[in-house]
Amino acid sequence: MGKSSKDKRDLYYRKAKEQGYRARSAFKLLQLNDEFHFLDDETNLKRVVDLCAAPGSWSQVLSRKMFTESKGNLDGKKIVAVDLQPMSPIENVTTLQADITHPETLSKILHLFGNEKADFVCSDGAPDVTGLHDLDEYVQQQLIMSALQLTTCILKKNGTFVAKIFRGRDIDMLYSQLGYLFEKVICAKPKSSRGTSLEAFIVCLGYNPPSNWEPKLDLNKSVEEFFSGCSLGRLKISDDNKLSNWKIEERDIAEFMSCGGLDSVDSDATYHFDEDDTSNVKKPALVSLDPIQSPTNPPYKKALELKRKGKLTRAV
Ligand code: SAM
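- The protein appears in an unreviewed UniProt entry as Putative tRNA (cytidine(32)/guanosine(34)-2'-O)-methyltransferase from Kazachstania africana.
- UniProt, in its Catalytic activity (unreviewed entry) section for the protein, records the words "cytidine(32)/guanosine(34) in tRNA + 2 S-adenosyl-L-methionine = 2'-O-methylcytidine(32)/2'-O-methylguanosine(34) in tRNA + 2 S-adenosyl-L-homocysteine + 2 H(+)".
- Heading Sequence similarities (unreviewed entry) of the UniProt record for the protein holds this comment: "Belongs to the class I-like SAM-binding methyltransferase superfamily. RNA methyltransferase RlmE family. TRM7 subfamily."

1. With respect to the UniProt feature "active site" (unreviewed entry) in the protein
Here's step 1: The feature "active site" (unreviewed entry), as annotated in UniProt, sits at Lys164 in this numbering.
Here's step 2: Examined against the element boundaries, Lys164 turns out to sit in strand S5 (residues 155-166).
Here's step 3: With a relative accessible area of 9%, Lys164 lands in the buried category.
Here's step 4: For Lys164, the residues in contact, after removing those within four places along its chain, are Ser123, Asp124, Gly125, Ala126, Gln140, Ile144, Glu199, Ala200 and Phe201.

2. A closer look at the packing of aromatic side chains
Here's step 1: Inspection of every chain in the model, using the stated rule, returns nine aromatic pairs.
Here's step 2: For the ring pair Trp58 and Phe201, a centre distance of 5.8 Å and an interplane angle of 40 degrees mean the geometry is tilted. A residue pair is termed long-range when its members are at least 10 positions apart, and Trp58 in helix H4 (residues 57-68) and Phe201 in strand S7 (residues 199-207) qualify at 143 residues.
Here's step 3: Both rings, one in Phe226 and one in Phe227, keep their centres 4.9 Å apart while their planes meet at 85 degrees; by these two values the pair is edge-to-face.
Here's step 4: On the basis of relative accessible area, Phe226 is assigned to the buried category, the value being 4%.
Here's step 5: On the accessibility criterion, Phe227 (4% relative accessible area) is buried.
Here's step 6: Taken together, Tyr12, Tyr21 and Phe27 form an aromatic cluster joined through their ring pairs.
Here's step 7: Lying over the aromatic face of Tyr21, Arg64 brings its terminal NZ or CZ to 4.0 Å of the ring centre.

Calculation notes
- Residues numbered from 1 in each chain as written.
- Predicted model: local features only at pLDDT ≥ 70, side-chain atom pairs only at ≥ 80, totals over all residues.
- Heavy atoms only, no water.
- UniProt positions renumbered as here; feature names shortened; annotations may be inferred.
- Helix = DSSP H or I, 4+ residues; strand = E, 2+ residues; numbered from the N terminus.
- Buried < 20%, exposed > 50% of the residue type's maximum accessible area, 1.4 Å probe, protein only.
- Contact = heavy atoms within 4.5 Å.
- Phe/Tyr/Trp six-rings, centres within 6.5 Å; stacked < 30°, edge-to-face > 60°.
- Lys NZ or Arg CZ within 6 Å of the ring centre and 35° of its normal.

Written out as structure tokens, the structure reads:
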């Protein structure tokens, strides 16, 4: 598929290039913010963490909102972006190549914040998919739990946490767990997130952990051990360790909300640039645009080099 055909197939991909964003995901954060306004509080939004941030379109949104478009005082504002992959520099953003599941990453972020806590943490994390559905779902859940654990150690009281989730079988247990830590938990689906995908975002407002609970990251501790001492203990898996045996009252349904105005383009539609099209959707020009940022060190780089040299051959 060529660049211009992808422009037609996916208008958010095209719009990202037009507006200088490195990825179409920028619109997911923008549409979530249009609904919940968590990035609009000029005075209280000082320290922000973007977990799983590469190539960096969410960090670009954060930088524009907190610095470029800000009319207030910029003193003390800081954005830290963390990813396993290296990231090209973004103005006003400190990038950290690190694993969010490792406790050292927490120390590094805290150090960058001068040991102050964050007002906002977001995570758009996605592990490499294997194609084995159950395994992929499990690894994704683990990544969300890691992001949540790190967040509990770094987020200020009343702070906000936004994270990508996949609405799999046992997602109601995550909603329930989050309900113990935050005043309000909403499951939101921005229009720029494909309707055909299980992807959604949890917007957790008003961080309010139990006062007698001190979260502490430790590689040797399980998730259950990490949350023990917090009221989450009520969610212990029953004796025979089967998730299906969790009591019905321990599961929770989060409020579900679609975000993005009625004029937002449909992320599942293909747009044709017909002259006589009378729909309201603004058509991009027919010229195809280059991506804003090429991958810094993509996993397929070596394969491309081998192919160029004619050394990539399949064994017969
Ligand atoms: N929000 C990003 C943006 O707008 O450009 C896109 C994020 S991308 C969908 C998911 C990212 O999660 C990948 O860059 C991947 O390297 C990162 N990731 C996955 N596991 C991670 C981990 N354990 N620690 C840090 N980053 C991780």
